[in-house]
Amino acid sequence: MAEKILIVDDDVDSLKLIGLMLQRNGYEVIAAQTGGQALAKATNDLPDLIILDVMMPDMNGYDVCRRLRGNPITQQIPIIMFTAKTLIDDKVAGFEAGADDYLTKPTHPAELASRVRAILQRSSAKRQGGSSKGSTIGVLGVKGGVGATTVTMNLGAALLNMKLNPVIADFRPGIGSLGITLGLGNVNGMSKLLARSTGEISADGINREIATHTSGLRVLSCTSHPREGLITISPDTAVAIIKELRNIGKPSIFDLGCGYNPLISRISTEMDRLIVLVDPATVTLNMARELLQELAKHNRDRIHLVVVNRAQINLQPPWHEVEHLLEHEIRAIISPSPELAYQAMEAGMPMVSFQPNAIVSSQLNKLAEDVYKVIESK
Ligand SMILES: Nc1ncnc2c1ncn2[C@@H]1O[C@H](COP(=O)(O)OP(=O)(O)OP(=O)(O)O)[C@@H](O)[C@H]1O
Ligand SMILES: [Mg+2]
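Residues numbered from 1 in each chain as written. Chains lettered and ligands numbered in written order. Predicted model: local features only at pLDDT ≥ 70, side-chain atom pairs only at ≥ 80, totals over all residues.

Please explain the overall build of the protein as it appears in this structure.
Each helix and strand counted, the protein has 16 helices and 13 strands in total. Taken against the 2.2 N^0.38 rule, which gives 21 Å for 378 residues, the C-alpha radius of gyration of the protein at 23 Å falls within 12% of a compact globule. For the protein, the spread of C-alpha atoms along the three principal axes comes to 65 × 50 × 35 Å. (Helix = DSSP H or I, 4+ residues; strand = E, 2+ residues; numbered from the N terminus. Rg over C-alpha atoms; globule rule 2.2 N^0.38 Å.)

How should the domain arrangement of the protein be read in this particular structure?
Reports of interface size often rely on the accessible area that becomes lost once the parts have come together. We note that the domain assignment places domain 1 (4-127) and domain 2 (136-376) within the protein. On a C-alpha basis, the centroid separation for the pair domain 1 and domain 2 is 36 Å. In this complex, domain 1 contributes six residues to the contact, which on the side of domain 2 involves seven residues. (Domains from an automatic or database assignment. Contact = placed C-beta atoms within 7 Å.)

How do you make sense of unusual backbone geometry when you look at a structure like this?
Backbone phi values are negative for most residues with the exception of glycine, while trans is the configuration of most peptide bonds. A cis amide bond links K250 with the next residue in sequence, P251, at an omega value of 0 degrees. Structurally, P251 can be placed in the loop between α10 (235-245) and β10 (252-258). The phi angle at L46 is positive, at roughly 40 degrees, despite the residue not being glycine. Relative to the elements of secondary structure, L46 occurs in the loop between α2 (35-45) and β3 (49-53). Residue classification places L46 among the partly exposed positions, given that 17 C-beta atoms sit within 10 Å. One non-glycine residue, K163, lies in positive phi territory at about 70 degrees. (Buried ≥ 20, exposed ≤ 12 C-beta atoms within 10 Å, placed from the backbone.)

Can you help me understand the site of ligand 1 in this one?
Near ligand 1 there are 19 residues, and of these G144, A148, T149, T150 and A341 occur at the shortest range. Elements with a contribution of two residues or more to the shell around ligand 1: α6 (148-161), β10 and α14 (338-347). Residues that form the shell around ligand 1 fall into these classes: ten nonpolar, eight polar and one charged. (Near = placed C-beta within 6 Å. Nonpolar A, V, L, I, M, F, W, Y, C, P; charged D, E, K, R; others polar.)

Sorry if this is basic, but what is going on with helix α16 (residues 359-376) here?
The terminal C-alpha atoms of α16, which comprises 18 residues, lie 26 Å apart, in line with the 26 Å expected from a rise of 1.5 Å per residue. Taken together, the buried positions of α16 are occupied by V360, S361, Q363, L364, N365, L367, A368, V371 and Y372. (Expected span 1.5 Å × (residues − 1).)

What is the right way to read the nonpolar core from this model?
Nonpolar side chains in soluble globular proteins generally cluster together in the buried interior. Counting residues in hydrophobic clusters, the biggest one holds 73 residues, and the most contacted among them are V139, L140, L155, I275, V276, L277 and A368. Broken down by element, this core gets its largest block of residues, eight residues, from α6. With residues near it in sequence (within four places) discarded, L155 still touches I137, I253, L367, A368 and V371. Within the second largest apolar cluster, 28 residues are counted, among which are I5, I50, I51 and A99. (Core = buried A, V, L, I, M, F, W, Y, C linked by C-beta atoms within 7 Å.)

I would appreciate a short explanation of the sheet that holds β3 in the present structure.
For sheets, the rule is that strands pair by backbone hydrogen bonds, running either parallel or antiparallel. As summarised here, the arrangement of the five strands in space is β2-β1-β3-β4-β5, forming an open sheet in which the pairing is parallel. The outermost strands of the open sheet, each flanked by one partner alone, are β2 (28-32) and β5 (101-104). The average angle at which neighbouring strand axes cross in this sheet is 20 degrees, direction not considered. In the sheet, β3 pairs with strand β4 (residues 79-83) via four bridges, with the strands oriented parallel. (Pairing = 2+ DSSP bridges. Axes fitted to C-alpha atoms, helices over the stretch in contact; angles between N-to-C directions.)

How do you make sense of the pairing of strand β1 (residues 4-8) when you look at a structure like this?
Side-chain direction in a regular strand flips from residue to residue, so the side chains alternate between the two faces of the sheet. Across the five residues that make up β1, a large majority, four, are buried. Strand direction decides the pairing type here: β1 and β2, joined by five bridges, are parallel. Opposite V8, over in β2, you have A32 as the bridge partner.

Is there a simple way to think about the sheet that holds strand β8 (residues 211-212) in this case?
Sheet architecture is open: eight strands sit in the order β8-β9-β7-β10-β6-β11-β12-β13, paired in mixed fashion. Two strands bound the open sheet, and with one partner strand each, they are β8 and β13 (330-334). Pairing of strand β7 (residues 167-170) with β10 involves four bridges; the strand directions are parallel. By the bridge assignment for β10, A169 is matched with F254.

Looking at this structure, I do not really get the environment of E209. What am I missing?
Within the secondary structure, E209 is located in helix α9 (residues 203-209). The spacing of E209 and N188 is 21 residues in sequence and 7.9 Å in space, taken between C-alpha atoms. Discounting residues that sit within four places of it in the chain, E209 has contacts with G189, K192, L193 and L220.

Got a minute to help me understand the packing of α2 against helix α3 (residues 61-70) in this structure?
For any two helices packed against each other, the geometry comes down to the angle between their axes and how far apart the axes lie. Between α2 and α3, the shortest axis-to-axis distance is 10 Å and the interhelical angle comes to 25 degrees. As summarised for this structure, α2 and α3 are arranged roughly parallel, according to the angle between their axes. In this structure, α2 meets α3 at a crossing whose hand is right-handed. Judged by residue contacts, G35, A38, L39 and A42 of α2 engage D63, V64, R67 and L68 from α3. Among the residues forming the contact of α2 with α3, the class breakdown is five nonpolar, one polar and two charged. (Parallel < 35°, antiparallel > 145°, perpendicular 65-115°, else oblique. Left-handed = near helix turned anticlockwise from the far one by under 90°.)

In structure tokens:
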């Protein structure tokens, strides 16, 4: 697939000229003529590189650059500042605003092409993971059906949109639904891995079992095939898989299903962040209180409480009372959206990809940004 480059310049001739040069080099080109347009296109089209003019009528290139760097969705996109200014102070200002490189107008087509190529190569190497270890995020429902699979899938899709390279996984042979919900059919790579002994778990073996969704999201799932339900999971094997995934998923997100059991007790401590899902019904909240107390014994600083408000409940208690009861801050609220949840599932897509502008999608994107910020700051 051709790499996508966003060119931002208020001068149409300059846009056409650079656009043509890049198209000749095989890149897909999109254009914006104002700073505002550039910000909108950067978030919606997620280009692989942005070439940014400094002097624009509505907002200068430095401000656009700073805004792009301040938004987790766009902060990783490489930026080349492109301008007629040649003073050293302007270059410094560009780098301070977060630019990766600087080109002065007029530029020779060969220089433009080689800088673009170098920057894209560097950023794709970074995206492949480099040497740093990936984080692990567990998603655990207080009870069944509260939305663990939905949140896992949407977090994965949102983090992929943020130019990360996540893997989503479940440990639920016989009741796994990640693969089938994403329209991948009966992918059961994780069941195959779970049937192995600890010594048989390797990075290569895991990579061979990963399936890829059309969006590029990597999936390691079990199926609901009843015979898979007969697999006895050894917590040691599960832990070995999680440890290897730290080198593969950047990050790895685990659909942990619901409730507490020996497996959850063991692997919850392998998670850098544990997202606990509740709904606002009184019964669920009482269940949540007990589960959270148990989890907090080993995971106090890592719990990320999220309310999936799947059903519209008019008599629900005020949020501060819920926080008081559960002794945890509510980090996100996901609104009811049955129609979208249904349509996205029928299409085999996460809601954030199926309808990016829906309220529930922006809530899920925010959750992804929040989780990402917390794990990055560790
Ligand atoms: N915000 C939402 N609004 C409306 N429906 C939702 C929402 N989130 C999820 N759903 C729907 O609720 C149902 C259950 O969600 P999901 O399968 O994610 O729950 P789960 O916790 O993984 O369930 P299980 O315990 O069976 O694994 C699905 O049909 C899903 O599409
Ligand atoms: Mg599920």
